[in-house]
Amino acid sequence: MVSTFGGLSTAYSGLNAARQGLDVVGQNIANATTAGYTRQRITTSAVGSLAQVGPLSGGSPRVGQGVSVDGVARLGDAFLDARVRITAAASGNLAVRSNTFTDIQASLNEPGKNGISAQLSSFWSAWSAVSNQAGQAAPAGVLLQTATALTNQIAAGYTALNDQWTQTRGKLTGMVDELNQAATSVAALNGEIRSTLARGGSANELIDQRNQLTTSIAALTGGTVRELPDGTAEVLVGGNALVSGDTSYQLSVSGSSTMEGASGAPLTLQWTARPNIPVSVESGEIAGALSVLAGANASGTGGAIAEAAAGYNKFATYLANAVNAVHSGGTTPSGTTGLSFFAVSSTGPAALGLSVIPTSGAEIATGTAGAGGNDGSNAAAIAHLGSAAGSPDSVWSTFVTGIGVAAKSALQQATLADSAASNASKAQLSNSSVDMDEENVNMLTFQTSYQGAARVMTSIDEMLDTLINHTGIVGR
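Attention here is on the structure that accompanies the text.

Cut-offs used in this document
Residues numbered from 1 in each chain as written. Predicted model: local features only at pLDDT ≥ 70, side-chain atom pairs only at ≥ 80, totals over all residues. Heavy atoms only, no water. Helix = DSSP H or I, 4+ residues; strand = E, 2+ residues; numbered from the N terminus. Rg over C-alpha atoms; globule rule 2.2 N^0.38 Å. Buried < 20%, exposed > 50% of the residue type's maximum accessible area, 1.4 Å probe, protein only. Contact = heavy atoms within 4.5 Å. Areas by Shrake-Rupley, 256 points an atom, 1.4 Å probe, with all protein chains shown as cover. Lys, Arg positive; Asp, Glu negative; His and termini not counted. Charge placed at Lys NZ, Arg CZ, Asp CG, Glu CD. Phe/Tyr/Trp six-rings, centres within 6.5 Å; stacked < 30°, edge-to-face > 60°. Expected span 1.5 Å × (residues − 1). Polar contact = N/O pair within 3.5 Å; in protein donor to acceptor, adjacent residues only side chain to side chain. Pairing = 2+ DSSP bridges. Axes fitted to C-alpha atoms, helices over the stretch in contact; angles between N-to-C directions. Salt bridge = Lys/Arg side-chain N within 4 Å of Asp/Glu carboxyl O. Patch = residues over 30% accessible without salt bridge, like charges linked within 9 Å, V, L, I, M, F, W, Y side chains within 5 Å. Parallel < 35°, antiparallel > 145°, perpendicular 65-115°, else oblique. Nonpolar A, V, L, I, M, F, W, Y, C, P; charged D, E, K, R; others polar.

1. Quick notes on the overall build of the protein
Turning to step 1, where the next piece is worked out: Within the protein, the regular secondary structure consists of eleven helices and ten strands.
Turning to step 2, where the next piece is worked out: Here the C-alpha radius of gyration of the protein, 39 Å, is well above what a compact globule of 476 residues would show, namely 23 Å.
Turning to step 3, where the next piece is worked out: Its C-alpha atoms put the protein at 150 × 45 × 30 Å along the principal axes.
Turning to step 4, where the next piece is worked out: Relative to its 476 residues, the protein shows a buried fraction of 38%.
Turning to step 5, where the next piece is worked out: Restricting the contact set of the protein to residue pairs at least 6 apart, pairs at least 24 apart contribute 69%.
Turning to step 6, where the next piece is worked out: Total accessible area on the protein is roughly 23,300 Å²; 55% of this is exposed by carbon and sulfur atoms.
Turning to step 7, where the next piece is worked out: Within the protein, the 31 negative side-chain charges are centred at a point lying 7 Å from the centre of the 21 positive side-chain charges.

2. Overview of the packing of aromatic side chains
Turning to step 1, where the next piece is worked out: Enumeration according to the criterion identifies ten aromatic pairs in this entry.
Turning to step 2, where the next piece is worked out: Ring geometry for phenylalanine 123 against phenylalanine 342: centres 5.8 Å apart, planes inclined by 40°, an arrangement best described as tilted. Note that phenylalanine 123 is positioned in helix α3 (residues 116–132) and phenylalanine 342 in strand β9 (residues 342–343), a separation of 219 residues in sequence. Taken as a pair, phenylalanine 123 and phenylalanine 342 share a single burial class, namely buried.
Turning to step 3, where the next piece is worked out: Look at phenylalanine 341 and phenylalanine 342: their rings are 5.0 Å apart centre to centre, the planes differ by 85°, and that puts the pair in the edge-to-face class. Comparing phenylalanine 341 with phenylalanine 342 shows no difference in burial state: the two are buried.
Turning to step 4, where the next piece is worked out: Members of the aromatic cluster, joined through ring pairs, are Phe123, Trp124, Trp127, Phe341 and Phe342.

3. Observations regarding unusual backbone geometry
Turning to step 1, where the next piece is worked out: That bond from glutamate 110 to proline 111 is cis: its omega, -10°, falls within 30 degrees of zero.
Turning to step 2, where the next piece is worked out: In this structure, asparagine 109 takes a positive phi of about 60° despite not being glycine.
Turning to step 3, where the next piece is worked out: Structurally, the position occupied by asparagine 109 is in the loop between α2 (78–108) and α3.
Turning to step 4, where the next piece is worked out: You can call asparagine 109 partly exposed: its relative accessible area is 36%.

4. Some remarks on α2
Turning to step 1, where the next piece is worked out: For α2, built from 31 residues, the straight-helix expectation of 45 Å at 1.5 Å per residue is met to within 8% by its first-to-last C-alpha distance of 46 Å.
Turning to step 2, where the next piece is worked out: Its side-chain oxygen 2.8 Å from the backbone nitrogen of phenylalanine 79, aspartate 77 forms the N-cap of α2.
Turning to step 3, where the next piece is worked out: Two residues or fewer after α2 comes asparagine 109, characterised by a positive phi angle close to 60°.

5. A few points about the sheet that holds strand β6 (residues 247–248)
Turning to step 1, where the next piece is worked out: On the basis of which strands lie adjacent, the open sheet formed by four strands has the order β3-β4-β5-β6 and antiparallel pairing. Each edge of the sheet is formed by a strand with only one pairing partner; in this case those strands are β3 (224–227) and β6.
Turning to step 2, where the next piece is worked out: Looking at chain direction, strand β4 (residues 233–237) and strand β5 (residues 240–244) are connected through three bridges and run antiparallel. Across the sheet, residue valine 235 finds its bridge partner in β5, namely valine 243.
Turning to step 3, where the next piece is worked out: On top of the sheet, helix α5 (residues 204–221) reaches β3, β4 and β5; it is set at about 10° to β4, its chief contact.

6. Some remarks on the pattern of salt bridges
Turning to step 1, where the next piece is worked out: If you walk through the whole model with that rule in mind, you get eight salt bridges.
Turning to step 2, where the next piece is worked out: Between aspartate 208 and arginine 74 there is a salt bridge, and its shortest N-O distance comes to 2.7 Å. Here the residue aspartate 208 occupies a position in helix α5, and arginine 74 occupies one in strand β2 (residues 66–74), the gap between them amounting to 134 residues.
Turning to step 3, where the next piece is worked out: A salt bridge links arginine 194 to aspartate 230; the shortest N-O distance between them is 3.8 Å. Taken as a pair, arginine 194 in helix α4 (residues 137–198) and aspartate 230 in the loop between β3 and β4 lie far apart in primary sequence, 36 residues in all.

7. So, a nonpolar patch on the surface
Turning to step 1, where the next piece is worked out: Together, Phe5, Leu467 and Ile468 make up an exposed nonpolar region whose accessible area comes to about 330 Å².
Turning to step 2, where the next piece is worked out: Counting through the fold element by element, phenylalanine 5 comes out in helix α1 (residues 4–30).
Turning to step 3, where the next piece is worked out: Owing to a relative accessible area of 52%, phenylalanine 5 belongs among the exposed residues under this scheme.

8. Section: the side chain of asparagine 378
Turning to step 1, where the next piece is worked out: Along the chain, the position of asparagine 378 falls in helix α9 (residues 377–383).
Turning to step 2, where the next piece is worked out: For asparagine 378, a relative accessible area of 6% gives the class buried.

9. Quick notes on the packing of helix α7 (residues 304–327) against helix α10 (residues 392–432)
Turning to step 1, where the next piece is worked out: The interhelical angle for the contact between α7 and α10, taken along N-to-C directions, is 170°, at an axis separation of 9 Å. Judged on the interaxial angle alone, α10 and α7 are roughly antiparallel. Taking contact as the criterion, the partners of Ala308, Gly311, Tyr312, Phe315, Tyr318, Leu319 and Ala322 in α7 are, on α10, Pro392, Val395, Trp396, Phe399 and Ile403.
Turning to step 2, where the next piece is worked out: Of the residues assigned to the contact of α7 with α10, the class counts are eleven nonpolar, one polar and no charged.

10. Brief notes about the environment of arginine 169
Turning to step 1, where the next piece is worked out: Here arginine 169 is to be found in helix α4.
Turning to step 2, where the next piece is worked out: It is 42 Å that separates the C-alpha atoms of arginine 169 and tryptophan 127, two residues lying 42 residues apart in sequence.
Turning to step 3, where the next piece is worked out: Discounting chain neighbours no more than four positions away, the residues touching arginine 169 are Val253, Gly255, Ser256, Ser257, Leu267 and Leu293.

See the structure below:
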């Protein structure tokens, strides 16, 4: 025999499920604009009927005992989350490289009146003017000023690259600090999530926070995430655990603090507690920064910044050798021969050590031996270097073109990677973000369910009132 009071319990379970469903809808609506929030749904199941035993059971069928609220599900997708992390790592790596090449290209000031190409043109024109007025102070003074401006321009270009390297080195340290902080936070969240789940609570919001942090870690290092049965997530970088349970491990950067020393003491990422063990990172912003900060090498495949600086050194040396080869074969107005026009430092970067030797027109070898003090044939020969095969201009143009091609290629790759990351993020959001239309429908559904369950309780209450207070008094 079914108890009438059992209907009250069934109706109450419906009220409780509808109320909790409304609570979840309210949570979703409240966090519709919260970054990283994943929508949630209440999970329920039907409660079966009780076993019927004894002589009074009669074998009649019985309805169930209502609805059970099993939990609150987080509607995330592990596959989409992993795809976001992978594409974020690739995008971060290529973005750093692209930005580096873009900055290098901008520092060249080519084409433009402030570029070395324009300065070279002025330099050769000054030699041509000297050849036409050999022995005159005015054109010789213009030449020396133009030559000094050219050497200063070369030095400024090298210095800009050195400053860029130093700034990128500082950014790398900041990235590693950000990585360590994220790892510490993930470890703390792991502990909270594990204890919350063990108590039977919901850790959905904590998991959302952890997912944001692991995506940041992936963007920095290409780290991978492995979720464990106890609710914690293990974060691996270079195949080793950065976060395991509620424990995190710190990383640091070792190596040269100057661009010139990067070839002998390359920058590496290492475990702070195990300084002799490097960490291999192949993607992410840190990997991109390490690649552009590498030192120059003989094959020209080193770091972008150091290789560009090496290009300045090679150009400065080539320019000095080309001009000195002709200048040393000529004579000054007083007949002195064997003089160099440019000096190149042998103890430091050639781009910084390039200087003009003559201090006046009397020290400029404008003519050829025996042609007289007013001869400008040697100056004319130097002026023609700008248009000769293998000229310093062509060497500089090849260097600038190489930087431009590399910058364009890096930009294209970064754009494609950013598009892939954007698409992955959109796919993730389409699955996990809050849809206000859907929430409004759910709200109406739970509201109607609540009203229906309340009506059932009212009906049963009226039945009980009749049974208890009015049975046996009919006709009295």
